[in-house]
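# Fold and contact review
Read off the chains here:
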Amino acid sequence: MAIKITDECINCGACEPECPNNAIYEGGVEWALADGTTVKGAFTLMDGSMMDADQRNAPISVDTYYIVPNKCTECQGFHEEPQCAAVCPVDCCVPDEMYQETVDELMAKKDKLHL
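One structure accompanies this document, and this report is about it.

Definitions and cut-offs
- Residues numbered from 1 in each chain as written.
- Predicted model: local features only at pLDDT ≥ 70, side-chain atom pairs only at ≥ 80, totals over all residues.
- Heavy atoms only, no water.
- Helix = DSSP H or I, 4+ residues; strand = E, 2+ residues; numbered from the N terminus.
- Rg over C-alpha atoms; globule rule 2.2 N^0.38 Å.
- Buried < 20%, exposed > 50% of the residue type's maximum accessible area, 1.4 Å probe, protein only.
- Contact = heavy atoms within 4.5 Å.
- Core = buried A, V, L, I, M, F, W, Y, C linked by side-chain atoms within 4.5 Å.
- Phe/Tyr/Trp six-rings, centres within 6.5 Å; stacked < 30°, edge-to-face > 60°.
- Lys NZ or Arg CZ within 6 Å of the ring centre and 35° of its normal.
- Arc of directions from axis to C-beta.

Take the overall build of the chain next. On a plain count of helices and strands, the chain comes out with two helices and six strands. Along its sequence from the N terminus, the chain presents helices and strands in the succession β-β-β-β-β-α-β-α. Over its C-alpha trace the chain gives a radius of gyration of 13 Å, about what one expects of a compact globule, namely 13 Å for 115 residues. Dimensions of the chain, computed from the C-alpha atoms along their principal axes, are close to 35 × 30 × 25 Å.

Right, here's the structure in full:
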């Protein structure tokens, strides 16, 4: 599963620099697949749709930090546990039940993001 940040987020920002995929953004900030990854050109998202890696996208949250599910690998291949959850002082980084993924799927996503 991808990780999500709940409404309990206090906007401390501790999670953002810990993410090896640059999947965490401050509320209100636009995101792109290319941010912090080696992805270039067209990229297939988890839902099968295509997106240009450099395309700037609307923030998922305006008020709190958020995680882009298409970039979150739960730190598989980098760390033993999701680093956002490990450093969060209020435990608001939790599994996102909307995105059920196996370890193999998360590792494949990591490989696509970091060629």
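What follows covers the side chain of K110. One can find K110 in helix 2 (residues 103-113). Taking the relative accessible area as the measure of exposure, K110 reaches 15% and is therefore buried. Setting aside residues no more than four positions away along its own chain, K110 makes contact with T73, Q76, G77 and F78.

Here the focus is the nonpolar core. Core analysis: the biggest nonpolar cluster contains 15 residues, and I5, I24, I67 and C84 have the highest contact counts within it. Apart from the residues within four sequence positions on either side, C84 is in contact with I3, C15, I24, I67 and C93. Ranked by size, the runner-up nonpolar core spans 12 residues in total, among them L45, M51, Y66 and V68.

Moving on to the packing of aromatic side chains. Within the structure shown, the criterion is met by one aromatic pair. Judged by centre distance (5.7 Å) and plane angle (20°), the rings of Y25 and Y66 are stacked. Residue Y25 is located in strand 2 (residues 24-25), and its partner Y66 is located in strand 5 (residues 66-67); the two are separated by 41 residues in the primary sequence. Between K110 and the ring centre of F78, over which it is positioned, the NZ or CZ distance is 5.1 Å. Here the basic side chain of K112 rests over the ring of F43, its NZ or CZ set 4.6 Å away from the ring centre.

Along helix 2, the residues classified as buried are L106, K109, K110 and L113. The arc that holds the buried residues of helix 2, viewed along the axis, is 100°, so those residues lie on one side. The secondary structure elements touched by the buried residues of helix 2 are strand 3 (42-44).

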